[in-house]
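# Coordinate inspection notes
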Amino acid sequence: MAEREYMADLLKWQAEPEKEVCLGDLETIPLGEGRVFLVGTQAVAVFRTRKGELFALDNYCPHQGGPLGDGLVAAGKVACPLHGWLVDLKTGACPHSAQRVRTYPIREENGRLYLTFPVALAHGPEPF
Amino acid sequence: MATTPRKERLVIVGNGMAGGRLVEEILQRDPDRFAITVFGAEPYGNYNRILLSNVLNGTQRPEEIFLNPLSWYREHGVALHAGVRVTKVDRTRKVVRGENGIEVPYDRLVLATGSSPFVPPLEGREREGVFVFRTLDDCEAIASYAAQSRRAVVLGGGLLGLEAARGLLTHRLAVTVVELGSHLMAQQLDPEGGKMLQRTIEAMGITVFTETLATAVLGDRRVEAIRFKDGTVYETDMVVISCGIRPNVELAKAAGLPVERAILVDDRLQTEDPDIYAVGECAQHRGTVYGLVAPIWEQCVVLADLLTETRPEARYLGSKLATRLKVLGVNLVSLGSFRDARPDDEMVTYSEPGRGVYKRLLIRNNRLIAGCLLGDETNAEELIRLFSEDGPLPEDRARLLFGLGGSSAPGEVTQIPDDRFICSCNQVTKGRICQAIREGHATVSAIASATKAGTGCGGCRSLVQRLVEAYAGEAALDPSVDWYVPAVPLAKEELVAEITRRGLRSVSAVLQELGNGSEDPESKMGLASLLRSVWNDQYVDERDSRFINDRVHANIQKDGTFSVVPRIYGGVVTPEQLRRIADVAEKYRARMVKITGGQRIDILGVRKEDLPAIWRELGMPSGHAYTKAFRTCKTCVGTEFCRFGVGDAISLGIQVEKRFQGIEFPHKVKLAASGCPRNCAEASTKDIGYIAVEDGWEVLVGGAAGSTVRKGDLLCKVKTHEEAIRITGRFMEYYRRHGKYRERTHAFVERIGIERLRQILVEDSEGICAELDAAIEEAVRAYRDPWLEGQEPVHPRQFAGPELVVLP
């Protein structure tokens, strides 16, 4: 899977040129939940907390690759739906793993969502 | 002419352990209600007869064993006629007459006349040097005669006899114990245990004869020998008789009260005469006459409650016999009686003759019926508790014998629940002791005075000491163990009450108003589930508090795909349904179609975004295979086709499943209905199971066959499907209300106890059955198939998969 190959390189990030991508309306994400966007080949989970904060992370739990976007958000962390591992939404840190989940800057303007994304990653092989 | 109202006159005949305790209990409840008069044949205050052996063997002085000395009676305004035997009870005039001629009128009379030693028909027993061993006076007499003797024979190898033997040893006599039966301590030990004890005792220098009957005492004026039945003559200087005790019933008989082995009393400890009661060794309750202190004290508590009207509904229902003692310094714990053994009971035995250790447990239906621990009292407290509470036993029997850790392990006294008895003799709970500690009683003796813990057999004193060490000067215990979820500091019942009272209808509202400021996934899920059971469909559904399975009503798999299990009632499916399932599986490229343990079909490997279409094309409601709700009611064929069928399991199963489908619970609930006792649907290991019998159905609850395996307990037998469904609904509603989050019914039923559940749900002891019926009816009414959200999603992107983003 393209996502797994990507994870293998996680610790070798380079300073890549970034671009802002529009993900659509804020309202497409139910309050308190996360939804997943495919940016090129990368699946990114975007969360919208009840307090109005926005977070974006790779949709991939460091444990066994579970879909974080389907997780339950509480106290600034998301619990992976597969085994309950907690990932910090801001930092991507997970107490049980040395690997962090990659996070992305995300903001809202006029009801639209804008994700800052490394261009190089966006133009990978075709998604399956 | 005005008169001050006269106090009711209470007369107690007998100042032994029963009489003395009864007075204490009454004074504690209502010191001014009665004018109390006590008659005691012995010229002392009330003393602990159990500790007489200590007086005999010199480890305690007589003064030390008094519970209530003479002065105590004076101080409490109780008229004590010590040393005055009662010779007559006149029921017509309601007067009691003492041997010194005194006559005391009574309004209520309690007979606590105890027992007297049984003296067998020994020829020559009037010779000097023959004693019984019952009273302080006996102790003194024996001790002073022993000073001039070299050898002693004790007749009777029971507890008292062995204690007497030990006492005589300390007076440096050569002691022989003569027992009629095959082994020592036949009341508490089985033959092997008795033999083991015999070896231990013989190692102390005591000679033991079993299966031996003494027939005569020989000698001129003083004892010189005894003769046995086989003619042998055995030389000795003194004889102590402890061949058992007989209840003192002459007074009652002469008064015309019904007497069998002892004075007959009912559950209120009342005799045939409504003004006359009996407690203790002289009373026979439901066929049993008790000779142990704990049951007798229980009787006194009940009688005191009744006489003072503190608890008019109090009843004595009998006691389980659990004793803990030291016999000749050897630890012995005895529970129940091995004579109750049946051929198919489970017997667990451990025998280590080298150390004189012998342990035996008699188990039936996974409950402890009888037991003895000789020589090693590891785990005694836990066993006593399991025995007294009739609790289920751990599967690993070795742990029972050699230690369960927990309350016996050092440093873990804080884990003991508050309602656990620390002192079984006096029924003092840990909570009571902790309260006493908080009130400032910081030593074992102080706690003993305040609560009575440790004043019976004394076996719990070391545990009381550990409690003092743990709690004296310490902050309160961590209460969060009782909280329903971590973020709200309330136990479930209180939480539900607050939610109802304040009308809190969303998880956010609950966290805001009742939370402790923290937030975590488990709390949100637990609260979401709780709100649904409290408000049914009348609550604010914050979907972000739901686990993904409950957001999309399917079971997430390890690769992020989902599985779909449509409802197949009672495991009965039609060819047409099978066709639809097959078509859907092919169309949506399911990776696997599998038959489940719940007698239905699972379609695996479908995408979240296809779920609404799948549900629509299946045209079947949700099977709830993914959540903490009613799952299935499996069935066997039953009378529909099976040649052995006695009940229509399929019909019952389908009815049950149609009624309760989708109702949510603290955890998943799986049912089954078997059409005959062959139980092909495995109903006995289900949360609720039905087994058809000749004239109806047995309803079982609390079974499990997952990571825990447990056989369900019989809740009741019913005749019709309607009754089965009604009791099911009641049990379900009670479980919804009182089960902890994620507590399966097997743990719930064990925690509450099947007896209590039966009382509440079948006998309606709390009067809530109508309310439970109404509540479950409301839940049934409010049920809506979650798969209808396929047509009417709660959010446009409820089922959305990853969305492809247009790149710049």
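Just so we're clear, the structure is a prediction, and the values are computed from it rather than from any experiment. (Residues numbered from 1 in each chain as written. Chains lettered and ligands numbered in written order. Predicted model: local features only at pLDDT ≥ 70, side-chain atom pairs only at ≥ 80, totals over all residues. Heavy atoms only, no water.)

### Digging into the overall build of chain B
For chain B, the count of helices and strands is 24 helices and 43 strands. Looking at chain B as a whole, 54% of its 808 residues are labelled buried. Residue pairs at least 24 apart in sequence account for 62% of intrachain contacts in chain B once pairs closer than 6 positions are excluded. Split by element, the accessible area of chain B, about 35,600 Å² in all, is 50% carbon and sulfur. (Helix = DSSP H or I, 4+ residues; strand = E, 2+ residues; numbered from the N terminus. Buried < 20%, exposed > 50% of the residue type's maximum accessible area, 1.4 Å probe, protein only. Contact = heavy atoms within 4.5 Å. Areas by Shrake-Rupley, 256 points an atom, 1.4 Å probe, with all protein chains shown as cover.)

### Topic: the overall build of chain A
Scanning chain A from terminus to terminus reveals two helices and 10 strands. For chain A, the α and β elements follow one another from N to C terminus as α-β-β-β-β-β-β-β-β-β-β-α. In the form shown here, chain A has an accessible surface area of approximately 6,100 Å², with 52% of it arising from carbon and sulfur atoms.

### Concerning helix 4 (residues 136–146) of chain B
Within the span of helix 4 of chain B, buried status applies to Leu136, Asp138, Cys139, Ile142, Tyr145 and Ala146 of chain B. In the core, the buried residues of helix 4 of chain B are packed alongside strand 3 (46–47), helix 2 (52–56), strand 4 (66–68), strand 11 (130–132), helix 5 (159–170) and strand 18 (238–241) of chain B.

### Quick word on the state of the cysteines
Residues and elements named next belong to chain A. Within the structure shown, the criterion is met by zero disulfides over all chains. No disulfide involves Cys94; its sulfur sits 5.8 Å from that of Cys61, the nearest cysteine. Cys94 gets classed as buried once you look at its relative accessible area, which sits at 5%. (Disulfide = S-S within 2.5 Å.)

### Re the sheet that holds strand 5 (residues 79–82) of chain B
Residues and elements named next belong to chain B. Ordered by their spatial adjacency, five strands build an open sheet running 5-2-1-9-21, and the pairing between neighbours is parallel. The open sheet has two edge strands with one neighbour each: strand 5 and strand 21 (276–278). Strand-to-strand, the axes of this sheet are offset by a mean angle of 15°, without reference to chain direction. In the packing of helix 1 (residues 17–29) onto the sheet, the strands contacted are strand 1 (8–13), strand 2 (34–40) and strand 9 (108–111), and the crossing angle to strand 2 comes to about 165°. Taken strand by strand, helix 8 (residues 293–307) contacts strand 1, strand 2, strand 9 and strand 21, and its axis lies near 175° from that of strand 9. (Pairing = 2+ DSSP bridges. Axes fitted to C-alpha atoms, helices over the stretch in contact; angles between N-to-C directions.)

### Concerning the side chain of Asn15 of chain B
Assignment of secondary structure puts Asn15 of chain B in the loop between strand 1 and helix 1. Residues in contact with Asn15 of chain B, not counting those within four places in the same chain, are Gly20, Val38, Phe39, Gly40, Tyr44, Gly45, Asn46, Tyr73 and Leu80 of chain B.

### Here's the deal with the sheet that holds strand 6 (residues 86–90) of chain B
Residue and element names in this part refer to chain B. With antiparallel pairing, the three strands of this open sheet are ordered in space as 6-7-8. Two strands close off the open sheet at either side, each with one partner strand: strand 6 and strand 8 (103–105). Sheet twist, expressed as the mean angle between neighbouring strand axes with direction ignored, is 20°. When strand 7 (residues 95–98) meets strand 8, the two strands line up antiparallel, connected through three bridges. Bridge assignment links Val95 to a residue of strand 8, and that residue is Pro105.

### Topic: the nonpolar core
All names here are of chain B. Counting residues in hydrophobic clusters, the biggest one holds 56 residues, and the most contacted among them are Ile12, Ile36, Leu109, Val110 and Leu111. The dominant element in this core, judged by the number of residues it contributes, is helix 8, at nine residues. Once residues within four sequence positions are removed from consideration, Ile36 is found in contact with Leu10, Ile12, Val23, Ile26, Leu27, Gly77, Val78 and Ala79. (Core = buried A, V, L, I, M, F, W, Y, C linked by side-chain atoms within 4.5 Å.)

### Notes on the pattern of salt bridges
On inspection of all chains with the given rule, the structure shows 76 salt bridges over all chains. Across the pair Glu33 of chain A and Arg551 of chain B runs a salt bridge whose closest N-O atoms are separated by 3.5 Å. Here Arg551 of chain B lies in helix 17 (residues 548–552) and Glu33 of chain A lies in the loop between strand 1 (18–25) and strand 2 (34–39), a pairing that spans two chains. There is no split in this pair, since Glu33 of chain A and Arg551 of chain B are both buried. Its salt-bridge partner being Arg286 of chain B, residue Asp267 of chain B comes within 2.8 Å of it at the nearest N-O pair. (Salt bridge = Lys/Arg side-chain N within 4 Å of Asp/Glu carboxyl O.)

### Remarks on the interface of chain B and chain A
Taken residue by residue, the interface counts 31 residues in chain B and 32 residues in chain A. Around 2,500 Å² of area is buried between chain B and chain A when both sides are counted, 60% of it from carbon and sulfur atoms. Taking the shortest distance from any N to any O, the salt bridge between Lys608 of chain B and Asp70 of chain A comes out at 2.6 Å. Between the two partners, chain B and chain A, sit 12 residue pairs in polar contact (both at pLDDT 80 or more). Secondary structure elements with two or more residues in the side of chain B that touches chain A: helix 16 (521–535), helix 17 and strand 43 (803–804) of chain B. (Buried area = accessible area lost by both parts, 1.4 Å probe. Polar contact = N/O pair within 3.5 Å; in protein donor to acceptor, adjacent residues only side chain to side chain.)

### Quick word on the pairing of strand 39 (residues 696–701) of chain B
Residue and element names in this part refer to chain B. Here strand 39 lies mainly inside the structure; five of its six residues are buried. Here six bridges tie strand 38 (residues 688–693) to strand 39, and the two strands are oriented antiparallel to one another. Bridging across to strand 39, Val693 finds its partner in Gly696. The loop that links strand 38 with its antiparallel partner strand 39 comprises two residues.

### Side note on unusual backbone geometry
All names here are of chain B. In this structure, Asn365 is a non-glycine residue whose phi angle is positive, near 50°. Its place among the elements puts Asn365 in the loop between strand 26 (357–364) and strand 27 (367–374). With a phi angle near 80°, Lys452 is a residue other than glycine that sits in the positive phi range. Tracing the backbone through its elements, the reader meets Lys452 in the loop between helix 12 (444–451) and helix 13 (461–471).

### Examining the packing of aromatic side chains
Residue and element names in this part refer to chain B. Taken as a whole and assessed by the stated rule, the structure comprises 18 aromatic pairs over all chains. Seen from their ring centres, Trp615 and Trp787 are 5.1 Å apart, and the 10° between their planes marks the pair as stacked. Of this pair, Trp615 sits in helix 19 (residues 611–618) while Trp787 is found in the loop between helix 24 (769–782) and strand 43, placing the two residues 172 residues apart along the sequence. As far as burial versus exposure is concerned, Trp615 and Trp787 are alike and both buried. (Phe/Tyr/Trp six-rings, centres within 6.5 Å; stacked < 30°, edge-to-face > 60°.)

### Some thoughts on helix 20 (residues 649–660) of chain B
Each α-helix winds once per 3.6 residues, and so residues spaced three or four apart point in a common direction. Residues and elements named next belong to chain B. Between the first and last C-alpha of helix 20 there are 16 Å, a value that for 12 residues agrees with the 16 Å anticipated at 1.5 Å per step. All buried positions along helix 20 are accounted for by Ala649, Ile650, Leu652, Gly653, Val656, Glu657 and Phe660. Buried positions in helix 20, seen along its axis, are confined to an arc of 165° and lie on one side of it. Packing partners of the buried residues in helix 20 comprise strand 36 (630–635), strand 37 (669–674), strand 38, strand 39, helix 21 (721–738) and helix 24. Trailing helix 20 by a residue or two, Gly662 shows a phi angle of about 75°, which is positive. (Expected span 1.5 Å × (residues − 1). Arc of directions from axis to C-beta.)

### Details of the pairing of strand 7 of chain B
Residues and elements named next belong to chain B. Here four bridges tie strand 6 to strand 7, and the two strands are oriented antiparallel to one another. Across the sheet, residue Val89 finds its bridge partner in strand 7, namely Val96. Here strand 6 folds back onto strand 7 in antiparallel fashion, the turn holding four residues, of which Lys94 has a positive phi close to 55°. Taking the residues that link successive antiparallel strands as the turn, the strand 7-strand 8 hairpin has four residues, and the phi of Gly101 there is positive, at about 95°.

### Focus on the confidence of the model for chain B
Residues and elements named next belong to chain B. Looking at chain B, the pLDDT average stands at 90 and 96% of residues meet or exceed 70. When the criterion is pLDDT under 50, residues 405–410 qualifies, and its contacts beyond four places in sequence or with other chains add up to 12 contacts. The ipTM, which scores confidence in the relative placement of chains, is 0.85 for this predicted complex, and the corresponding pTM is 0.52. (pLDDT = per-residue confidence, 0-100.)

### Some remarks on the environment of Lys524 of chain B
Counting through the fold element by element, Lys524 of chain B comes out in helix 16. Along the sequence, Lys524 of chain B and Val507 of chain B sit 17 residues apart, while their C-alpha atoms lie 6.6 Å from each other. Setting aside residues no more than four positions away along its own chain, Lys524 of chain B makes contact with Leu72, Val73 and Ala74 of chain A together with Val507, Leu511, Glu519, Asp544 and Ser545 of chain B.

### Describing the side chain of Asp687 of chain B
All names here are of chain B. Structurally, the position occupied by Asp687 is in the loop between strand 37 and strand 38. Of the residues examined, Asp687 reaches a relative accessible area of 2% and is grouped as buried. Reaching out from Asp687, the side chain makes a polar contact with the backbone nitrogen of Lys670 at a distance of 2.7 Å. Look past the residues within four positions of Asp687 in its chain and what remains in contact with it is Lys668, Val669, Lys670, Leu700, Val701, Gly702, Gly703, Phe731, Arg744 and Thr745.

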